[in-house]
Amino acid sequence: MLNIILLGPPGAGKGTQAARLQAERGMVQLSTGDMLRGAVAAGTPVGLQAKAVMERGELVSDAIVSALIGERLDAAAEQGAIFDGFPRTRAQAEALDVLLGERGRRLDHVIELAVDEDELVKRIVGRFTCAKCGTGYHDTFRPTQVAGVCDVCGSTEFKRRPDDNEQTVRTRMAEYRAKTAPILPFYEARGLGRRVNGMGPIDEVATEIDAILDGAV
Ligand code: AP5
Ligand code: MG
Ligand code: ZN
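Anyway, here's the lowdown on the structure attached to this text. (Residues numbered from 1 in each chain as written. Chains lettered and ligands numbered in written order. Predicted model: local features only at pLDDT ≥ 70, side-chain atom pairs only at ≥ 80, totals over all residues. Heavy atoms only, no water.)

In this section: the coordination of the zinc ion (ligand 3). Around the zinc ion (ligand 3), the protein contributes the donor atoms Cys-130 (SG), Cys-133 (SG), Cys-150 (SG) and Cys-153 (SG), which lie 2.3 to 2.4 Å from the metal centre. Considering all four donor atoms around the zinc ion (ligand 3), angles at the metal cover 101 to 114 degrees and the coordination shape is tetrahedral. Considered as a linear motif, the donors of the zinc ion (ligand 3) on their single chain read C-x2-C-x16-C-x2-C. Taken together, the positions of Cys-130 in strand 5 (residues 127–130) and Cys-150 in the loop between strand 6 (136–138) and strand 7 (158–159) put the pair 20 residues apart, joining distant regions of the chain. Cys-150 matches Cys-130 in its accessibility class, with the two residues each being buried. (Donors = N, O, S within 2.8 Å, 3.2 Å for Na, K, Ca; no water. Tetrahedral: all angles 85-135°; square planar, octahedral: opposite > 155°, others 65-115°. Helix = DSSP H or I, 4+ residues; strand = E, 2+ residues; numbered from the N terminus. Buried < 20%, exposed > 50% of the residue type's maximum accessible area, 1.4 Å probe, protein only.)

As a structural note, the neighbourhood of ligand 1 is formed by 34 residues, with Thr-16, Glu-58, Arg-88, Arg-127 and Arg-172 the closest of them. Between ligand 1 and Ala-12 there is a distance of 3.2 Å, counted from an oxygen atom to a backbone nitrogen or oxygen. Within the backbone of Lys-14, an N or O atom sits 2.9 Å from an oxygen atom of ligand 1. For ligand 1, the protein covers 96% of the area, taking 1100 Å² as the surface of the free molecule. Those elements that provide at least two residues to the shell around ligand 1 are helix 1 (14–25), helix 2 (32–42), strand 6 and helix 9 (202–213). When its residues are assigned to classes, the shell around ligand 1 shows 14 nonpolar, 11 polar and nine charged. (Near = heavy atom within 4 Å. Polar contact = N/O pair within 3.5 Å; in protein donor to acceptor, adjacent residues only side chain to side chain. Areas by Shrake-Rupley, 256 points an atom, 1.4 Å probe, with all protein chains shown as cover. Nonpolar A, V, L, I, M, F, W, Y, C, P; charged D, E, K, R; others polar.)

Moving on: the pairing of strand 2 (residues 28–31). Side chains of strand 2 alternate between two faces, with Val-28 and Leu-30 and Gln-29 and Ser-31 buried alike. As paired elements, strand 2 and strand 3 (residues 81–84) share four bridges and run parallel to each other. From the neighbouring strand, Ser-31 faces strand 3, where its bridge partner is Asp-84. (Pairing = 2+ DSSP bridges.)

Within the fold, Pro-201 resides in the loop between strand 8 (193–197) and helix 9. A residue is classified by how much of its surface remains accessible, and Pro-201, at 49% relative accessible area, is partly exposed. Separated by 60 residues in the primary sequence, Pro-201 and Phe-141 place their C-alpha atoms 8.3 Å from one another.

Across the sheet, which stays open at both edges, the three strands sit in the order 6-5-7 with antiparallel pairing between neighbours. In this open sheet, the two edge strands, each paired with only one partner strand, are strand 6 and strand 7. Across three bridges, the pairing between strand 5 and strand 6 is antiparallel. Along strand 6, the bridge assignment pairs Phe-128 with Tyr-137.

Pasting the structure below:
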């Protein structure tokens, strides 16, 4: 049972790789972005607070996202967790240590997906997901096999995120550089930091991550 963090700027491929690891290894993807989008869609108090912040591309408060992770952590006790987009600040990293420590669990790897900024904008602007089953696609890099039909569930309805426009992406990147990238040394000091070249095709990135999880590198 492994607990891993996938760290990386917007569009680096965290969600793509986390969903694959969940499907292939039964690990549980814990994406604070997905949880917040769920809260926005459901109109919960958290969702009402988060909506405008997310549309600006800024970070939601540490207290809100740490509480969301705390609520889901026990569901990932048996199979191991993939933290996707959390932690994003030093305070969140410390909160995660407490949440895991209370449960006698620990982190195994913190994997940074490194991708150039120009590539990130291309990835985000072309991204869409199936409205029914949530499978992620890309206009160029991961199109559906039959145009307009989801490979997984056959649905013909798709959606795009409101924060996936170039201007908001620039703010999300600035937030990553200012608040999230600085937590890497915190993990490196503990010998947990791993860097993967996120510029390659999805399958190559997957192979590199698998090698880390299997202890091959
Ligand atoms: P969140 O949902 O986490 O967004 P993000 O970090 O900006 O990252 P993305 O989901 O955009 O990218 P990804 O790395 O998952 O890439 P993907 O796999 O989809 O957060 C959204 C917002 O919520 C934040 O801005 C903030 O407001 C709030 N929030 C969330 N967590 C928070 C926290 N902890 N604290 C505070 N606020 C928080 O890939 C992108 C596209 O590229 C896809 O189309 C995919 O098909 C394609 N692709 C993937 N890999 C490759 C590849 N190797 N080659 C080519 N194409 C690829
Ligand atoms: Mg994501
Ligand atoms: Zn689908």
